[in-house]
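Observations on chain architecture
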Amino acid sequence: MAKPLIVGRKEFAKIYNVAPTAISDRWVPSGIVSYEDAVIVSGKPFWPGGLAVDVALPPGSRGRQLDERLLAELEKEQQATVRPMKKGELPPLVGLQEYGALFGVSQFVASNARQRGTGMLPVEDYLLSGSPLWLLDTVLDAAEATMQQSRGGVWQLQQDVADALREGRYDGPGSVIAKRGKAAASGA
């Protein structure tokens, strides 16, 4: 299976040599990129790699210059072999919030299971902008082992959540961008 290039805010910033805050503070408000073009996983936006490459201005012009060397490093790090252009071309992705929903546990329980490193959770397929992401197929392939290692059988695969993720209709924990800072404090 071809593994897609995916970028979060930090990866986007890295390949363009800008601060990660430039993506959400300048690029999104000015329409260079949109959250509508991103998949939202565990409350964070992740864009298809081809789209990220496509926002570059022509070499020699002022502004958004893609660093081809850093792009190649990112593709090698991700073992990415394709650059999808649209979020619909990305396979279903799972972050810690979705992982918890998939097995009927909290995000914190899922995070603790990952941090223990006991093999209860498979190794993530991506580590983007500081967040672990798995392909849904990776999670489902390891589901039986995950449930077997569950203390007292607490972790149980929620097939309706798996179906919603696969069909692009998941609206549970992590499906919207988490409000941060003043917006979160004011409830705006």
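Provided above is the structure to which this section pertains.
Calculation criteria
- Residues numbered from 1 in each chain as written.
- Predicted model: local features only at pLDDT ≥ 70, side-chain atom pairs only at ≥ 80, totals over all residues.
- Heavy atoms only, no water.
- Buried < 20%, exposed > 50% of the residue type's maximum accessible area, 1.4 Å probe, protein only.
- Helix = DSSP H or I, 4+ residues; strand = E, 2+ residues; numbered from the N terminus.
- Pairing = 2+ DSSP bridges.
- Phe/Tyr/Trp six-rings, centres within 6.5 Å; stacked < 30°, edge-to-face > 60°.
- Lys NZ or Arg CZ within 6 Å of the ring centre and 35° of its normal.

Overview of helix H1 (residues 9-16)
Within H1, the full set of buried residues consists of Glu-11, Phe-12, Ala-13, Ile-15 and Tyr-16. The positive-phi residue at the C-terminal boundary of H1 is Asn-17, with phi of around 55°.

Observations regarding the sheet that holds strand S1 (residues 6-7)
Within a beta sheet, neighbouring strands are joined by backbone hydrogen bonds and run either parallel or antiparallel to one another. Sheet architecture is open: three strands sit in the order S1-S3-S2, paired in antiparallel fashion. Looking at strand neighbours, the two that pair on one side only are S1 and strand S2 (39-41), the edges of this open sheet. Direction of pairing for S1 relative to strand S3 (residues 44-48): antiparallel, over a ladder of two bridges. Bridging from a neighbouring strand, Val-7 pairs with Trp-47 of S3.

Let's talk about the packing of aromatic side chains
In this structure the tally under the stated criterion is nine aromatic pairs. A centroid spacing of 5.6 Å and a plane angle of 85° characterise the contact between Phe-12 and Trp-27, whose relative ring orientation is edge-to-face. On the criterion of sequence distance, the pair formed by Phe-12 in helix H1 and Trp-27 in helix H2 (residues 20-27) is long-range, its members being 15 residues apart. On the accessibility criterion, Trp-27 (6% relative accessible area) is buried. Between Tyr-99 and Trp-134, the ring centres sit 4.8 Å apart and the planes meet at 75°, which makes this aromatic pair edge-to-face. Highlighted residues: Tyr-99 in helix H5 (residues 96-103) and Trp-134 in strand S6 (residues 131-135), separated in sequence by 35 residues. Among the residues examined, Tyr-99 registers a relative accessible area of 0% and is labelled buried. Residue classification places Trp-134 among the buried positions, given a relative accessible area of 0%. It is Lys-3 that lies over the ring of Tyr-126; its NZ or CZ is 4.5 Å from the centre.

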